Amino acid sequence: MGDVVGRPGLQAVRTLLPRVRAQHGVDVVVANAENSDQGSGITSETAHYLLDSGVQLLTSGNHFYSKKAILPWVKEHPDLLLRPANYPKGTPGKGHGVVKLPDGRALGVINLEGRVFMRTEASPFEVVEGLVEELRQQTPCILVDMHCEASSEKNAMGVHLDGRVSVVVGTHTHVQTADERILPGGTAFITDVGMCGPLDSVIGMKKESSLARFLGKPAPYEVAERLVYLQGVVVDIDDATGRGRSIHRVREHLPGT
């Protein structure tokens, strides 16, 4: 699932995820949680809320540091919340992990942050090389969350990893794209999975405050509340080869919003 935005996004996941899991026979759920606390950052409360709602692993991005209180929690739970793997050495947390199922199957997950219009220390294209090799020692099934602004950079990562990982999904822009497909080498790809949050907004924030900022007026960001959706993708992966068989967009409306 894409970026979970504030209370509306949390409610969408809690309410709609069980139905999505049952309908598609989902084994593993991964969600980007970096906007889960009031639209910017993560707290232990929002992390636990998502984990208690059926998410098995949380990813993040450039708002990983927005709430300092998450740092002690992520040190205690490094296998539940990832930060971008191409952050400097010594950064709290880790950038990759493995979700293990009771039947022995496993999904490796890598969290990366792009550099176009963003600020990171290392190239995600270089950092991901060693991580793919490391995870392939444990499982052929690997998902990459490419958190970045530019659609070109997300597409390039899909091409770069095609045939070596199972899934490359883009996050961060909060707008679900319509280009889901299986790449020639067998990697499932979509430029952006969208967000779990209010669509009657400017990428999750109230329209009035967002517009004011674009007009050069000071205004605080506030999470919107209307037309709340859960957005993401369901991917079927071949357990033996790690190749993606299919990828389908999910877009579920939260009743009453």
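Within any chain, residue numbers begin from 1 and follow the written order of that chain's sequence. Owing to the predicted nature of the model, reporting of local features is limited to residues with pLDDT of at least 70; listing and counting of side-chain atom pairs is limited to 80 or more, with chain, interface and lining totals taken over all residues. As a convention, hydrogens and water are excluded, and side-chain values are obtained from all of the structure's heavy atoms.

In the nomenclature of an unreviewed UniProt entry, the protein corresponds to Metallophosphoesterase from the organism Myxococcus virescens.

Moving on: the overall build of the protein. Only DSSP runs of H or I reaching four residues or more are called helices, and only runs of E reaching two or more are called strands; each is numbered from the N terminus. For the protein, the count of helices and strands is 6 helices and 12 strands. Our radius of gyration looks at C-alpha atoms and nothing else; its globule reference is 2.2 Å times the residue count to the power 0.38. Relative to a compact globule of 257 residues, whose C-alpha radius of gyration would be 18 Å, the protein shows 17 Å and is just as compact. Along the longest, intermediate and shortest principal axes, the C-alpha atoms of the protein span 50 × 40 × 35 Å. Buried positions account for 53% of the 257 residues belonging to the protein. Only heavy atoms matter for contacts: two residues are in contact if any of them lie within 4.5 Å across the pair. Considering only contacts within the protein whose residues lie at least 6 apart along the sequence, 63% involve residues at least 24 apart. Shrake-Rupley sampling with a 1.4 Å probe provides the accessible areas, and residues are treated as covered by the protein chains on show and by no other component. For the protein, the exposed area adds up to about 11,400 Å²; of that, 52% sits on carbon and sulfur atoms. Looking at charge distribution, the protein has the averaged site of its 27 positive side-chain charges lying 3 Å from that of its 30 negative ones. Three labels apply to residues, based on accessible area from a 1.4 Å probe with only protein chains included: buried if under 20% of the type maximum, exposed if over 50%, partly exposed otherwise in between. Positive charges come from Lys and Arg, negative ones from Asp and Glu, while His and the chain ends are left out of the count. Where a charge sits is defined by one atom per residue type, namely NZ (Lys), CZ (Arg), CG (Asp) or CD (Glu).

What follows deals with the side chain of S209. Here S209 lies in helix α6 (residues 207–214). Throughout this description, a polar contact denotes any pair of N or O atoms lying within 3.5 Å of each other; where both atoms belong to protein, one of them has to be capable of donating a hydrogen while the other can accept it, and for residues adjacent in sequence the pair is counted only when both atoms sit in side chains. A polar contact is formed between the side chain of S209 and the backbone oxygen of P220, at a distance of 3.5 Å. Leaving out residues up to four positions away in the same chain, S209 has contacts with A219, P220, Y221 and E222.

Right, let's talk about the UniProt feature "binding site: Fe cation 1" (unreviewed entry) in the protein for a bit. UniProt positions are given in the numbering used here, feature names are shortened, and annotations may be inferred rather than shown by experiment. In the numbering used here, UniProt assigns the "binding site: Fe cation 1" (unreviewed entry) feature to D3, E34, N35 and H174. A stretch of 172 residues holds the annotated residues, and the largest C-alpha distance among them is 11.6 Å, short enough that they meet in one place. Lining residues of the second largest pocket, restricted to the annotated ones just named, are E34, N35 and H174. You can see D3 is positioned in strand β1 (residues 3–4). Excluding residues that lie within four positions of it along the chain, D3 makes contacts with N32, E34, N35, H147, T171, H172, H174, G194, M195 and C196. A polar contact is formed between the side chain of D3 and the side chain of H174, at a distance of 3.4 Å. In this fold, H174 is placed in the loop between β7 (167–171) and β8 (181–182). Given the relative accessible area of 9%, H174 is considered buried. Not counting residues up to four positions away in its chain, the partners in contact with H174 are D3, V5, N35, D192, G194, M195, I203 and Q231. A polar contact of 3.1 Å, which involves the side chain of H174, links it to the side chain of N35. A 1.4 Å probe that fits into a set of points on a 1 Å grid over the protein atoms alone but cannot get out defines a cavity; an open set with protein on both sides within 12 Å along at least five of seven lines defines a pocket, and lining residues are those with an atom within 4 Å of a point.

Here we have 6 strands laid out as an open sheet, ordered β4-β5-β6-β7-β9-β8, and mixed in their pairing. Of all the strands in the sheet, just β4 (96–100) and β8 have a single pairing partner and so form its edges. Strand pairing is assigned whenever DSSP detects at least two bridges linking the two strands. Relative to β7, strand β6 (residues 142–147) runs parallel, the two sharing 5 bridges. Bridging across to β7, V144 finds its partner in V168. Here, axes are lines fitted to C-alpha atoms. For helices the fit covers the stretch in contact, and angles between N-to-C directions go from 0 to 180 degrees. Across the sheet, helix α4 (residues 124–136) is in contact with β4, β5 (106–113) and β6; its angle to β5 comes to roughly 170 degrees. Contacting β5, β6, β7, β8 and β9 (188–190), helix α5 (residues 151–161) runs over the sheet at an angle of about 170 degrees to β7.

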